[in-house]
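Tertiary structure, described
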Amino acid sequence: MKSNKTTQETYTPSTDQTEVFTARAYQTELMEQAKRENLIVCLPTGSGKTYIAVMLIKEMAHAIRHSLKKGGKRTIFLVKTVQLACQQSDYIRAQTDLIIGRYFGELGVDRWKEEDWAEEFENHQVLIFTAKVFLDVIDHDYFSLNYVNLIIFDECQHATGENPYASLMNKHYDKCSNPPRILGLTASIAVRKVKLKDLLDDAKELERIYRAQIAHRDESLKHGTSVAVEKILYENYQEAIIKRNESLTIPFDFLNIMVNKIQSYLLRKKDEHNQIEHDLSKTMLKTDYRVKNNKVYHKQSSEYTSFTQSQSTTLIRLKRDLENAIDIGFELGLAGLTVFTNDLRKKLKTNQNLLCIIDQEARELFNDIFERLECLVDDILKKLYRLNVSNLHILFSPKILKLLKRIVQQQQTRNSASRCIVFVERVYTATVLSEILADLILTTEPPWNERLKVKHITGIKALLNDKPMTAEYQLKTINEFRAGEVNILIATAVVEEGLDIPTCDLVVRFSKPNNFSSYMQSKGRARSKNQASYVLFMDQSNPETLERDQNEYDNYEEIEKSIHKGFSLEDANELNDDLSQLHLIVQPKISYCIILGNGQIFPPRFLFSRSESSYTCILSMPANCPIRDDIICINRTKRLAKYECCLEMVKKLHKKREFDEHCKPRKCQALSQTPIPIENQIFKTLDRLFEVKSDSSFETFPKMIATFPIKCNQITNEWHLYQINSDLGFVVPTLLMNLPKFNLYDFDGAISIKIIHLKPIDYTQYRIKLENFCKYIFEHVFEDMNISTLLKFDIDQTTFKLLPCLLTKYSEIDWQRMETICNRKNKFVQNYSELNDKELYCPKHLEGNRYYINIPDPSLLKRASDPWDKKTKRKDIQTYADYFEYTIRDIHIRRDLYLATMKGVKKPRINYLKNLSSTNQTKNSLQEPLYYYYPIEVLRYAPLNRYDFGMIYKLPSILVRISQLYRIERLRKLFAENIQTYPFADVDQLPPVDFRDHLETNQNKSFLPLIRLNYNDLLSKHSTLQPSSAILFQSITRRSTDENFDMESFEILGDCFLKLTISLCFYHRYPLAGAGALTVEKAKQISNGNLYAIAFLKKLKSYLNAKKVDFRGDDANWIPPGYVVQETNANDVLELKRYKYQTVKRKAFADMMEAFMGAFLLSTDYATTIQFMKWLGLDVIPLDRENHVIETPSILCSYLDCNESDDVIQKFYEEQAFSSVEKTLNYTFQNKAYLIAAFTHPSSYANRLTNCYERLEFLGDAVLDFLVTRYIFIEKKDIKPGQVTDIRQDLSNNGRLSYILVAAGLHKKILHNSPDLFGKISYYTNNEVLFPKDSSMDVQLSKDNDQWADSTAPKALADVFEALVGAIFLDSDKCLETVWQTIEPLLREYIKRSIDNPNSNPVRIFFEQGGKIVHQFRLVDSKTEKFTSVCYIKANNGVQFFGQHENKKMAKYAACQSAVRYFKSNESINKE
């Protein structure tokens, strides 16, 4: 029955930066050669042999994508060990979309039947086998090589004798009618002990076995592992220590005695066996098995059988174990001997060894040996160990001490990042050495006693404490070593070959390598690119042995040099060509490729073919280069051909203006050729005339409501009377624009206000009455407005020319009532009968003008002569009259009159701008429950009665709103007159201004419809839709105003739509520009600096509303109508600025511009919004010189014939099996070229049909940002703008989109030739925490989204996702609905979790909790000129974290993210 094929190991290749990020020329050249013929690739370790194999698999993949039943074939990858089978399968699975299977003995494949194998071959396209398993499959005729298109032999040098590699080729390959292509991979030609003179014969034999040519490239030497070979001489423990310490000879003598006893017994038994066998043989020669000697035969035969059965192998094994103990002691020292003998005793005690012994003498001998062993362990060794416990030179051999010293030295050099593999010959050596080395490490100085961690690994069949070492344990140990949890690995030859540990920088041959192959393979495990060392331990005790070993190692080095030299394609003469100018031509191209790669190198590809007398060089540039044509040159030498190609390419790039006149790459080439308007140039010059300003620079500007009406400096005779409500009005010197209805908010809810123009009046006739009423209201009704101290009345000089008035029911000014109110000043109550409950009163002796109302309740009446019922210290105060006569000087209280029964009231609130739901006041809190009694003689009238107080106290809020809406209407008219796509609507056609957040109150879900953003359709539309006064007011209002709304939501919408329109326009306008140039040009348009300039040039700055209105108190900043600020001295000037000016950062004006765009989006349509943006001066419509819309650029390469493009694209689409992408997305591309381009990395040379994904990613990024932002605002209207910003910022994190792409399995379709990206994708996708094996896409997308932002995610994965969005957008004729329907299922769970459980911005969280930046700096790679930003931060408890990224901002983000994750795991951000 077929077993479950589960795997445990995860392959994690290096993420270290290398100097080359794409397929190196020799790799591509060898891959192309392997496509044509059988090939053995002989390259140094670390030079990318496996990468060549994967490239070849992908190139030949079209043959294996079909079912075997439909003529498909299969690719076979053969390896020697289980670890390599796991490693290579994970490697290929991570880099391709092919279906991978792996097979080795531990999976129980030996029991599979033919139908089981048939199912496996049918369901998998690439199958990785250990060689013996595949040979058995072929030997049993379960599968035929005729159905294989490619066999890859890893470590192919092992094809000798009866090795499965050799057997497969010799027995089966030539029998194939259509034999598969062969690719062999090796770093060593020979596997045996070979001499230099025999190397060529071994190479020819290898070529014969594989029917292949050996190919080598000397260019690979600089990319392979560069290892310093080092020899360490040591003294033998037996010679150096034991002979000088007589007591140490005791345990070894004891062991020798035991060995000799067993040996003596075995020799005697051997002689006895020989004699019995001899006698039986003689008898057999003389018997006929019937009569003659038959009895003797049976007797001797029985004796022979009995003797043979009585002989157990237990003593033989015991003798071998004792001999191994002696070897361990001599090699590792007393500590090693103690560990080994302890383990041996446990083994003998627990195993049923004695039961296996039949012979009585053997049983007695075994018991004797066991007793001696116990004596040795419990007595001799224990005492010796105790005596020498502090003498490390006795406990440990010089070899071990030097080993640890060398490991610590490497750790110090590499700043604790070192990994070390120690190779030993025998399993038991590995077991014991790992244990005693761990003990020895504990004796070292800090920090090494804690940092160094040791484990060992041996073959699967080896015993580990009497248990076999399983593949699971092996893989677990290797993963721990890769992750740095273990940094010293003791190993046998099991990890010599092929195992990829990229961080290993120290390999020690503790035991001598058996042959050249072992020497090369173990040396090749030192994979680190920096300071890697290969250390050979050599015993100096025997000079002859030392010299022999030295000669053998020298021979190995000569063979290695010969391998690298002997298979080079170039002859020696060519190497002497004087091509000193080659560097001058090649270097500009490399620098240019760095610019194309945005700091990464996507080098050009050089391919060569050789004829009898010349070389042909084919030069291809990366996919993001504007030159996509191949350059082909022929010359007598390879280098000259390469030189000519480079020269020709430089010429072409110069013509394309990619190079300047000095043939140096242009780093920031401007795209726009449009001349800058003169006003923009003047503004830019003047703006930076005195200082360089930034977004965070502060700027002071006039308040919007400080001037009303606009441009009204002269006092004229004719003023205009306006009605606020039936009783209240005002006059102004000019006729105002019609103002919309608006709301104030009282305890009972909204109060609707409508400003109505009544008539003109003669101002001079009524000036004095109007001014007196205004002064009375603001100087006597309202207190604490700083009038008389900071403000004074001056209607001629004031900027707020408005005077309030009262109206009759006939809409005339109520002069009598106004005069009556003014006469209330200091008016006293004369008679008790004057009291009524409609008036307000205040006692003249109380400060603060507390107001009271009369309570006409007879049951509460008291007289002035009634007893004083409050506490008092004065005995002469007996009545109410006594109290008030004492309290108020010079007053006489009549004792016979009633007292006024009063209840105190709180004055009405002065600010009615906000909805009361946002205040803590309640209606019930207005009145106080206590009653007060006052004589009539102390009462005076309040400035207003109860009704007028309620009305007049709303006046400041009304005037604020009138002045604000007056400016808003001017702004609304300004937009309508300049955009000219809609008529200016009268205010009666608009909804009232309720001063509430538009997004929260809007019930129309049809806003921001998902339509086609087709320019011709958009520009042909005319609409009556226009932004309302309410929505424009929200778009100018900042959070600092303390309104019920602010501009932030509008700003976010405007920002993402601005990026979308600019990106779409530039995609059309600059069809040949790369993504980098487009991004630079877009940044100029959307920058805060440009938006600030627009606000300045369009005279929109003054509309910004940034300051909270305070009517009274120390922070008062509102000037009542008719008043001016008194500037009494220089100190007051700065303080009094708050009345006329507001201060904000310059960025606030840019935010307002984006908020305007958001307001247009929400209240009009896309077409009107784009026209508004065009009026602002933004480049949002791609028009040519004839004012026609520029067509969408083709995604195809310019040299592709349009007539044949469809067929070629379709063929490439089918070969790469891109239909699986469409199936995953549930979307079928009309133009397959968009799909192909979206998956084409700049390093790819496979796709020569379309551009790479960079331009699509540039566009898709903006489309995705807009769609996600739109969706959030529509579905979650009460969401906070900061949360939307967090989600947008989080979505820009590489980890989010990378996770989604990998979860959907789409990363396997990426076309690239970058080993660096290859390794990073493997490292990321093989993280089993993020991507558990066998998990479905739905399961992975439903995971906790905090795990998605993994910093190891390669940026290319996120780029491809965004490019895919851009591809769908263009393919669907720019249909937003189609794009959203396609990608929403992939994003759904992430957005839902982000809304329900906000994954807040870690930067904000960290700094809100008291964190701070410690240090920020940039590192530069001298080879790639690539910068990396590093940020160190410190939490408030002192714990430090760091982050690094190409971008400074993202480096800070990564550091804060690490901190937040750390603190979350410890339950509180304030705890460790």
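Being a predicted model, the structure only gives us computed values, none of them experimental.

**Quick notes on the sheet that holds strand β6 (residues 181-186)**
- If you walk across this open sheet you meet the 7 strands as β3-β4-β2-β5-β6-β1-β7, and the pairing is parallel. Either end of the sheet is taken by a strand with one partner, and the two such strands are β3 (100-103) and β7 (213-215). Each adjacent strand pair in this sheet contributes to an overall mean axis angle of 20°, direction not counted.
- Relative to strand β4 (residues 126-130), strand β2 (residues 74-79) runs parallel, the two being bridged by 5 bridges. Each residue of the ladder has a partner; that of Phe 77, found in β4, is Ile 128.
- Packing of helix α3 (residues 82-95) onto the sheet brings it into contact with β2, β3, β4 and β5 (148-154), and relative to β3 it is tilted by some 180°.
- In the packing of helix α6 (residues 164-172) onto the sheet, the strands contacted are β2, β5 and β6, and the crossing angle to β5 comes to about 150°.

**Things to note about a nonpolar patch on the surface**
- Where nonpolar side chains cluster on the molecular surface, the patch consists of Tyr 832, Leu 861 and Tyr 898 and spans about 240 Å² of accessible area.
- Its location among the elements puts Tyr 832 in the loop between α26 (815-822) and β27 (841-843).

**Some remarks on the packing of aromatic side chains**
- According to the stated counting rule, one finds 62 aromatic pairs in the structure shown.
- An angle of 80° between the planes, with centres 5.0 Å apart, marks the rings of Tyr 1227 and Phe 1229 as edge-to-face. The exposure classification of Tyr 1227 matches that of Phe 1229, with both residues buried.
- When the ring of Phe 1406 is compared with that of Phe 1407, the centres are 5.3 Å apart and the planes differ by 80°; the resulting orientation is edge-to-face.

**A look at the confidence of the model for the protein chain**
- Residue-level pLDDT values for the protein chain average 82, and 83% of them are 70 or greater.
- Within the protein chain, the lowest mean pLDDT, 37, falls on helix α21 (residues 572-575), and the highest, 96, falls on strand β26 (residues 803-806).
- Here residues 918-928 scores under 50 on pLDDT; set against residues more than four positions off or in separate chains, the count is 17 contacts.
- Between residues 1468-1472, whose pLDDT stays under 50, and residues either more than four places distant or in other chains, the model counts 14 contacts.

**Focus: the pattern of salt bridges**
- A complete count under the given rule lists 58 salt bridges for this structure.
- With a shortest N-O distance of 3.3 Å, Asp 988 and Lys 754 are connected by a salt bridge. Linking Asp 988 in the loop between α29 (955-979) and α30 (998-1001) with Lys 754 in the loop between β23 (749-753) and β24 (756-762), this pair joins segments that are 234 residues apart in sequence.
- With relative accessibility at 24%, the residue Lys 754 sits in the partly exposed group.
- In this structure, Lys 870 and Asp 869 form a salt bridge, with 3.2 Å as the shortest nitrogen-oxygen distance.
- Connected through salt bridges with shared partners, the residues Arg 268, Lys 269, Glu 272 and Glu 361 form a single ionic network.

**Some thoughts on the sheet that holds β26**
- Taken in spatial order, the 4 strands make up an open sheet running β24-β20-β21-β26, and their pairing is antiparallel. Only two strands of the sheet have a single neighbouring strand rather than two, namely β24 and β26. Sheet twist, expressed as the average angle between the axes of neighbouring strands with direction ignored, equals 30°.
- One ladder, built from 6 bridges, connects strand β20 (residues 718-723) with β24; its direction is antiparallel. Looking at the pairing, Gln 723 lines up with Ile 756 of β24.
- Against the sheet, helix α25 (residues 763-781) makes contact with β20, β21 (728-732), β24 and β26, and its axis sits at roughly 90° relative to β26, the strand it touches most.

**Topic: unusual backbone geometry**
- Put simply, Phe 708 and Pro 709 share a cis peptide bond, and its omega is -15°.
- In this structure, Pro 709 sits in the loop between β19 (698-702) and β20.
- Unusually for a residue other than glycine, Ser 811 sits at a positive phi of about 65°.
- Within the secondary structure, Ser 811 is located in the loop between β26 and α26.
- When its relative accessible area of 23% is taken as the criterion, Ser 811 is described as partly exposed.
- You will see that Phe 995, though not glycine, has its phi angle at about 55°, which is positive.
- Examined against the element boundaries, Phe 995 turns out to sit in the loop between α29 and α30.

The rules behind the values
- Residues numbered from 1 in each chain as written.
- Predicted model: local features only at pLDDT ≥ 70, side-chain atom pairs only at ≥ 80, totals over all residues.
- Heavy atoms only, no water.
- Pairing = 2+ DSSP bridges.
- Helix = DSSP H or I, 4+ residues; strand = E, 2+ residues; numbered from the N terminus.
- Axes fitted to C-alpha atoms, helices over the stretch in contact; angles between N-to-C directions.
- Contact = heavy atoms within 4.5 Å.
- Patch = residues over 30% accessible without salt bridge, like charges linked within 9 Å, V, L, I, M, F, W, Y side chains within 5 Å.
- Areas by Shrake-Rupley, 256 points an atom, 1.4 Å probe, with all protein chains shown as cover.
- Salt bridge = Lys/Arg side-chain N within 4 Å of Asp/Glu carboxyl O.
- Phe/Tyr/Trp six-rings, centres within 6.5 Å; stacked < 30°, edge-to-face > 60°.
- Buried < 20%, exposed > 50% of the residue type's maximum accessible area, 1.4 Å probe, protein only.
- pLDDT = per-residue confidence, 0-100.

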